[in-house]
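Each chain, letter by letter, is given below.
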2 protein chains.
Amino acid sequence: MIKKISSALISVYHKDGLDKIIPYLKEHGIAVYSTGGTQVLLERHGVEVHAVEGLTGYPSILDGRVKTLHPKVFGGILARREENHLNQLEQYEIPEIDLVVVDLYPFEDTVAETMDEGKIIEKIDIGGISLIRAAAKNFRDVVTIASKGQYEDLYRILSEGDAETDLEQRKRLALQAFRISSHYDTAIFNYFNRDFDDRSSLKVSEMRRQELRYGENPHQAASFYGDLSAEFEKLNGKDLSYNNLVDIDSAIDLMREFDGSKKTFAILKHTNSCGIASRDSVLEAFNAALAGDPVSAFGGILISNAPIDLPTATEINKLFYEVLIAPDFEPSALELLAKKKRRILLRRIADKSQHMKIKSLLGGVIAQESDLKTEGKEDFVTVTKRKPTEEEKDQLVFANKVVKHLKSNVIVLVKDDQLIGMGCGQTSRVDACKQAIDKARRMGFDLEGAVMASDAFFPFPDCVELAHDVKVQCVIQPGGSINDKLSIAYCDDHQMVMVTTGIRHFKH
Amino acid sequence: MIKKISSALISVYHKDGLDKIIPYLKEHGIAVYSTGGTQVLLERHGVEVHAVEGLTGYPSILDGRVKTLHPKVFGGILARREENHLNQLEQYEIPEIDLVVVDLYPFEDTVAETMDEGKIIEKIDIGGISLIRAAAKNFRDVVTIASKGQYEDLYRILSEGDAETDLEQRKRLALQAFRISSHYDTAIFNYFNRDFDDRSSLKVSEMRRQELRYGENPHQAASFYGDLSAEFEKLNGKDLSYNNLVDIDSAIDLMREFDGSKKTFAILKHTNSCGIASRDSVLEAFNAALAGDPVSAFGGILISNAPIDLPTATEINKLFYEVLIAPDFEPSALELLAKKKRRILLRRIADKSQHMKIKSLLGGVIAQESDLKTEGKEDFVTVTKRKPTEEEKDQLVFANKVVKHLKSNVIVLVKDDQLIGMGCGQTSRVDACKQAIDKARRMGFDLEGAVMASDAFFPFPDCVELAHDVKVQCVIQPGGSINDKLSIAYCDDHQMVMVTTGIRHFKH
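Residues numbered from 1 in each chain as written. Chains lettered and ligands numbered in written order. Predicted model: local features only at pLDDT ≥ 70, side-chain atom pairs only at ≥ 80, totals over all residues.

**A closer look at the overall build of chain A**
Rules: Helix and strand definitions follow DSSP, with helices as H or I runs of at least four residues and strands as E runs of at least two, each counted in order from the N terminus. Only the C-alpha atoms count toward the radius of gyration. The rule for a globule is 2.2 Å times the residue count to the power 0.38. Any two residues are considered in contact once their C-beta atoms, placed from the backbone, lie within 7 Å.
Broken down by element type, chain A carries 18 helices and 24 strands. Relative to the 2.2 N^0.38 estimate, which gives 23 Å for 508 residues, the radius of gyration of chain A is 32 Å and therefore markedly larger than a compact globule would have. Considering only intrachain contacts with a sequence separation of at least 6, the fraction spanning at least 24 residues in chain A is 54%.

Structure below.
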């Protein structure tokens, strides 16, 4: 079904790039209908234009709110090129329109630029959307160019394609038209919804795509939809992989808990921190984080809340790592790190994390608010006779932040602002506890005086018993188990401290 | 900004429920404009209707493709109720329209009902969408009813509300209009995209919502968007929680690997299987799955690929569990299980899992194909001198299926179609291996003759060394490490079998 374009309606907001097309309108003798500024531009380039006003017998009214909405326009777009419909066009003196070229009012840009509701509302395109939807519906006969991003497509059709299109081309252009119209109305919905927070439906429309080499595994295709360059400046290294992005997301969530009052450095593997420490200098923080589990650190994701200096870079370079994220890099540090060409170095430039998070699940999508609750000392309820010291409270705050960002079930052991042992992703809590203790010992840490944190309550007193066995005397947990009293009684019998927060932090 | 409705344009596809509204049109003396079937209905109920054709001077043309697209209609909807615009309405003899009532052509229903592209295309509504978008744009002055789902809203406005609305009401109705228009065009995009699989943008529009009590934790609000009733029939128990759904999703993914040739039963906690076994009867399979880790099974998610009979139900009832999923339940089994009112019993009725999966990440959304690759014996490459027996191959297939659905890093130990030990969610592979061995021993299993599976390659020979120490002689892994040769050499020196698949199964 090859069709040749012999008439066109052109009504565009952005006119840049249209000039390339103009010579071909003349060359192919295409009858052109247009309005306002587009008409002026075309005529300036010597195109003979039929004003839409002349066709409809109506001027543009209501400050341009109504221009093209008329049967003489829509009839020519929507008519099937069959006898019955063509006869009607003849009867009502409606010209056929074979090509519709529209660029919509820039609604999203206007929302980004102004808070003035009146101006924003005025940029809700009515006529343009109607034109591209009508043309796309009638793709069997009509060519649709629905945005300035497609002027190039039109150029190719008119130049190389000799103004001819086949059915597949026209259907693909119709797809693009609905891609644009659905995105446009989703953006309007989201703008109106700022006032209402209506969650009765879930809408995602993201037009920016970064194709990834593959997904979690090489046999899975994958893409990221969004704009990573708004969050990071990539200073060095290979392309980010799916797994890199998943890890970076976890790293950012973790590091958000630690303000700059102390330098904090963390090392993650498979989204879980295997080392994290706060110190007076970045170098010390890195060394203390690495000491938490130098085996797991191999191939890890590194993140710092403070700029990377040369001494730290020198130490980091001794490790094989995938990604290093920092607010900044001293020039000499960057120069050194960038010598390893494949290591990914990211400078954070903004925090774009989302309040609502979604994921595919069964036949639908599950959505939840991000876990943005962080407990401070003021949230602590001491449930044992012995009360924590201020220093113990500091360590409990640190441990409770770390436990929140590890996969459930999880137990962490912390001492001197350093993660010294953790068990995560366990199907039973006592296994996580055993694992944390075992790991701390293997790494050569002295557990005496360490604190223990749990992401959820203790169903049995087994964990506090294990803690006491290795001289851990101070424990934080959400509380809320009917068996809390057993753990508390054990703590009281053994001069241990237990603090509850009331806030569970499951993460899967 | 209270406004009283004195004129309305009504053009609807579904007319059920409209009759409730009709008396109020008359009571408030509302001037009504309408077309076709809607006009007939209204007139039958004694409403005096101005035909849109009379207003525009155009009949409905092109088989109804063009009816309302005319300045005399859109001018009256889009005019701001200000002097300048009202003067223009007067000049062009355009009546004000204060209320637009539309119910769109049922595009999605038509797609569900027929494969006939011509019929589907005809159900792409052009005029109706234009009307509701125009009315919604002008929400400061105009009331928009954009679907049959909102006739009830209109009824309340006309009856209790005395045909008056305030600005917030009208803006909320505008929000609903764009909620509907964006969904409508996303559905059209998805229909066209069946031919193209265009992944340049990500579009999700899901209108069915099931509110959840909370998310992963009580301080996080959450919802499921989709239709769970298409996948499960809930036979008993409390409402499904966020964490239940996450676990059920993992359970379904795991059980999809096991066809009905053998009865298979699995127990999951925090998305990870802590027990799974295949046996000749469901009862044996359940008992063998439970034996894998009876501690973790507490509060778990149970899934069977075969109907639950009474003997199995009797055993299951001794366990505290959250959810039991099965293709069916014998009546006596169901009766027994349902005595525990809070236990969730789900009968699977369909598999609705998705080929593409998405999740929120950083400031955007990451999407990847589901991991649908499952390796059979034909995919095995034996890299050691000793070759696996057929029985060993069977066990390797089983172990490789189980390892695929556990969180990385993971090592599993399998013997006689039963998971006897696993370490998952680990930041180092050797830790996962140690954990698996430790767990198998604690549960009292004899490891001699068991097989070991790894979700990714071995970076060092430490895992095969540990396996050999406990008399595990047969190992499966993807391969692909530059250090594979070290592990292979160790296996060859110790009469062990190693099989590689070439397919990694990371899961996070």
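**Topic: the confidence of the model for chain A**
Quick note on the threshold: You can read pLDDT as the predictor saying how much it trusts each residue, on a scale of 0 to 100.
Residue-level pLDDT values for chain A average 96, and 100% of them are 70 or greater. For this predicted complex, the interface score ipTM comes out at 0.93, alongside a pTM of 0.93.

**Structural notes on the domain arrangement of chain A**
All names here are of chain A. Applicable threshold: Here the bounds of each domain stem from an automatic or database domain assignment. Here the term charged refers only to Asp, Glu, Lys and Arg, the term nonpolar to Ala, Val, Leu, Ile, Met, Phe, Trp, Tyr, Cys and Pro, and the term polar to all other amino acids, Gly among them.
In terms of domains, chain A is made up of domain 1 (3-193), domain 2 (220-348) and domain 3 (377-500). The C-alpha centroid of domain 3 is placed 27 Å from the C-alpha centroid of domain 2. Tallying the contact residues gives 15 residues for domain 2 and 13 residues for domain 3. Among the elements of the structure, helix H11 (242-255), strand S13 (272-279) and helix H12 (282-291) are those that each provide at least two residues to the side of domain 2 that touches domain 3. Here the side of domain 2 that touches domain 3 is built from residues that sort into five nonpolar, seven polar and three charged.

**Quick word on the relation of the copies chain A and chain B**
Quick reminder of the rule: We place the copies in one frame by least squares, fitting the C-alpha atoms of every residue whose pLDDT is at least 70 in both.
Once turned by 180° and shifted 0.0 Å along the axis, chain A lies on chain B with an RMSD of 0.1 Å. As the rotation angle and translation indicate, the two copies are arranged about a two-fold axis. Taken together, the interface assignments show that 100% of the residues at the interface of chain A recur at the interface of chain B, consistent with an identical surface on both copies.

**A short note on the pairing of strand S20 (residues 411-415) of chain B**
For clarity, the threshold we go by: Put simply, a residue is buried when 20 or more other C-beta atoms lie within 10 Å of its own C-beta and exposed when 12 or fewer do; between those, it is partly exposed, and each C-beta is set from the backbone.
The buried fraction of S20 of chain B amounts to five of the five residues, a majority that puts the element mostly inside the structure. Neither face of S20 of chain B is left uncovered, since the one carrying Ile-411, Leu-413 and Lys-415 of chain B and the one carrying Val-412 and Val-414 of chain B both have all their residues buried.

**Concerning helix H9 (residues 151-158) of chain B**
All names here are of chain B. Let me state the cut-off plainly: The directions considered for the arc are those from the helix axis to the C-beta atoms.
Along H9, the residues classified as buried are Tyr-151, Leu-154, Ile-157 and Leu-158. Projected down its long axis, H9 carries its buried residues within an arc of 115°, all on one side. Those residues of H9 that are buried lie in contact with helix H1 (22-27), strand S5 (99-103), strand S6 (143-145) and strand S7 (164-165).

**What to know about the packing of helix H16 (residues 429-442) of chain B against helix H17 (residues 462-469) of chain B**
Residue and element names in this part refer to chain B. To be explicit about the condition: Note on geometry: axes are C-alpha line fits, over the in-contact stretch for helices, and angles between N-to-C directions span 0 to 180 degrees. To sort the angles, those under 35 degrees are grouped as roughly parallel, those over 145 as roughly antiparallel, those from 65 to 115 as roughly perpendicular, and the leftovers as oblique. Crossing chirality is assigned from the near helix's rotation relative to the far helix, an anticlockwise turn below a right angle marking it left-handed and a clockwise turn marking it right-handed.
At a minimum axis distance of 9 Å, the contact between H16 and H17 shows a crossing angle of 15°. The angle between H16 and H17 places the two elements in the roughly parallel class. Helix-helix and strand crossings are classified by hand; for H16 and H17 the assignment is right-handed. Where H16 abuts H17, its residues Arg-429, Val-430, Cys-433, Lys-434 and Ile-437 lie against Asp-462, Cys-463 and Leu-466. When grouped by side-chain class, the residues that make up the contact of H16 with H17 number five nonpolar, no polar and three charged.

**A short note on unusual backbone geometry**
For the bond running from Ser-408 of chain A to Asn-409 of chain A, omega is -15°, close enough to zero to count as cis. Tracing the backbone shows Asn-409 of chain A in the loop between helix H15 (390-404) and strand S20 (411-415). One non-glycine residue, Asp-417 of chain B, lies in the positive phi region at around 55°. Along the chain, Asp-417 of chain B turns up in the loop between S20 and strand S21 (418-423). With a phi angle near 70°, Lys-471 of chain B is a residue other than glycine that sits in the positive phi range. Judged by C-beta crowding, with 11 C-beta atoms within 10 Å, Lys-471 of chain B ranks as exposed.

**So, the interface of chain A and chain B**
Quick note on the threshold: What makes two strands pair is DSSP finding at least two bridges between them.
In this complex, chain A contributes 115 residues to the contact, which on the side of chain B involves 115 residues. Sort the elements by how many residues they give to the side of chain A that touches chain B and helix H10 (residues 167-193) of chain A lands first, with 15 residues. Grouping the amino acids of the side of chain A that touches chain B by side-chain chemistry returns 48 nonpolar, 39 polar and 28 charged. With four bridges connecting them, strand S10 (residues 222-225) of chain A and strand S18 (residues 364-369) of chain B associate as antiparallel partners. Across the sheet, the residue bridging to Tyr-225 of chain A is Val-365 of chain B, located in S18 of chain B.

**As for the pairing of strand S13 (residues 272-279) of chain B**
Residues and elements named next belong to chain B. The buried fraction of S13 is high, at eight of eight residues. Relative to S13, strand S12 (residues 263-269) runs antiparallel, the two being bridged by seven bridges. Note that in S13 the partner of Lys-263 across the bridge is Arg-279.

**A look at the sheet that holds S5 of chain B**
All names here are of chain B. The five strands are arranged S4-S3-S2-S5-S6 in an open sheet whose pairing can be described as parallel. The open sheet has two edge strands with one neighbour each: strand S4 (49-51) and S6. For this sheet, the mean angle separating the axes of adjacent strands, direction not counted, is 20°. Against the sheet, helix H8 (residues 127-137) engages strand S2 (7-12), S5 and S6, with an angle of about 145° to S5.

**Describing helix H8 (residues 127-137) of chain A**
Burial analysis of H8 of chain A places 11 of its 11 residues in the buried class, which makes it a mostly covered element. All of the buried residues in H8 of chain A are Gly-127, Gly-128, Ile-129, Ser-130, Leu-131, Ile-132, Arg-133, Ala-134, Ala-135, Ala-136 and Lys-137 of chain A.

**Topic: the environment of Pro-59 of chain B**
Residues and elements named next belong to chain B. Take Pro-59: it is sitting in the loop between helix H3 (52-56) and helix H4 (71-78). Given 14 C-beta atoms within 10 Å, Pro-59 falls into the partly exposed group. When the C-alpha positions of Pro-59 and Thr-35 are compared, they lie 9.8 Å apart, and in sequence the two are 24 residues distant.

**With respect to the sheet that holds strand S3 (residues 31-34) of chain A**
What links the strands of a sheet is backbone hydrogen bonding, and the strands pair in either a parallel or an antiparallel sense. All names here are of chain A. The strand order S4-S3-S2-S5-S6 describes an open sheet built from five strands, whose pairing is parallel. Across the chains shown, the open sheet's two edge strands, defined by having one partner strand only, are strand S4 (49-51) and strand S6 (143-145). The average angle at which neighbouring strand axes cross in this sheet is 20°, direction not considered. In this structure, strand S2 (residues 7-12) lies alongside S3, joined through four bridges in parallel fashion. Note on S3: the bridge partner recorded for Ser-7 is Ala-31.

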